[in-house]
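Residues per chain, in single letters:
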Amino acid sequence: MNVTHPNTHLKVMATLQQPERQLSEVETLMYTLTSAKDARDVVSAAARHHFKAGGGRTRAKLGLAAARHLALLPQQAVALATVAELLHNASLIHDDIQDKTPSRRGRLAVWAKYGSDVAILVGDLMVSAAYAVLASFPDPAAMAPLLRRTHERTREVICGQAREIGRAHV
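Residues numbered from 1 in each chain as written. Predicted model: local features only at pLDDT ≥ 70, side-chain atom pairs only at ≥ 80, totals over all residues. Heavy atoms only, no water.

Peer 1: Which parts of the structure should I look at to understand the pattern of salt bridges?
Peer 2: Side chains that differ in sign of charge can pair as their charged atoms come close. The full count for this structure, using the stated rule, is 7 salt bridges. One salt bridge in this structure joins E85 and R57, with 3.8 Å as the shortest N-O distance. Within this pair, whereas E85 is found in helix α5 (residues 74-99), its partner R57 is found in the loop between α3 (42-52) and α4 (58-69), the two being separated by 28 residues in sequence. On the basis of relative accessible area, E85 is assigned to the buried category, the value being 2%. Between R104 and D96 there is a salt bridge, with the nearest N and O atoms lying 2.6 Å from each other. D96 sits in the buried class, given a relative accessible area of 3%. Through salt bridges with shared partners, a single network forms among E27, R57 and E85. (Salt bridge = Lys/Arg side-chain N within 4 Å of Asp/Glu carboxyl O. Helix = DSSP H or I, 4+ residues; strand = E, 2+ residues; numbered from the N terminus. Buried < 20%, exposed > 50% of the residue type's maximum accessible area, 1.4 Å probe, protein only.)

Peer 1: What's the story with the environment of A84 in this structure? I'm lost.
Peer 2: Relative to the helices and strands, A84 is located in helix α5. It is 6.2 Å that separates the C-alpha atoms of A84 and A60, two residues lying 24 residues apart in sequence.

Peer 1: Just checking my understanding: could you explain unusual backbone geometry for this structure?
Peer 2: Across residues other than glycine, the phi torsion is negative in most instances, and most of the peptide bonds are trans. Backbone geometry at R57 places phi at a positive 55°, although glycine is not the residue there. Assessed through its relative accessible area of 6%, R57 is described here as buried. Although it is not a glycine, A71 sits at a positive phi angle of roughly 60°. Assignment of secondary structure puts A71 in the loop between α4 and α5.

Any functional reading would require information beyond the geometric quantities listed.
Structure below.
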C-alpha cells in the first residue's frame, strides 16, 4: 500500500524553493546566450521579449532541486537548470507558431510580434544555447552522456509535436 504522508506536498514545495542567486544565474545565462553583440539584433530582441513575459521557471527550480539532492556542484546545478529552461522555452515558441497562439503569458507571442521566421530562429537559438551550456559542463566525463540524453529528450518533444500537427491536418 502506498500512503502519502500529509506533509509530502509541503516538503516538495520546500524543495522547489531555490536560492535566488542560482535562479538569477540561470536567468543571466539564458539572456547572455541568446543575446548578440549588436543591440539592434532582432533575434536577441525577440528572445528578450519572450523571457520578459516571465513564467514560473519550474523546470529550472526542479533542476536545481534535483542537483542539490544529487550533491552536484552549484555550477553544475545552474548549467542543468539552464538547459531545461532553454529547451522548454524553445518548445513554447515553436508550439505557439504551430498552434497560431497569438499570446503567451499575457503578451504577444514571439511569432505574433516579430513574425514566424524570427520566432523559428529564436527557438532554434535557444536549442543551440542549451547545447552550448552542456558543452561547457564542468564535469567533462559527464558531458557525452548529458549531450546524448538531451538529444533523446529533445527528439521526443519534436516527435510529439509532429504527432500533434499530424492530428491537426487529418
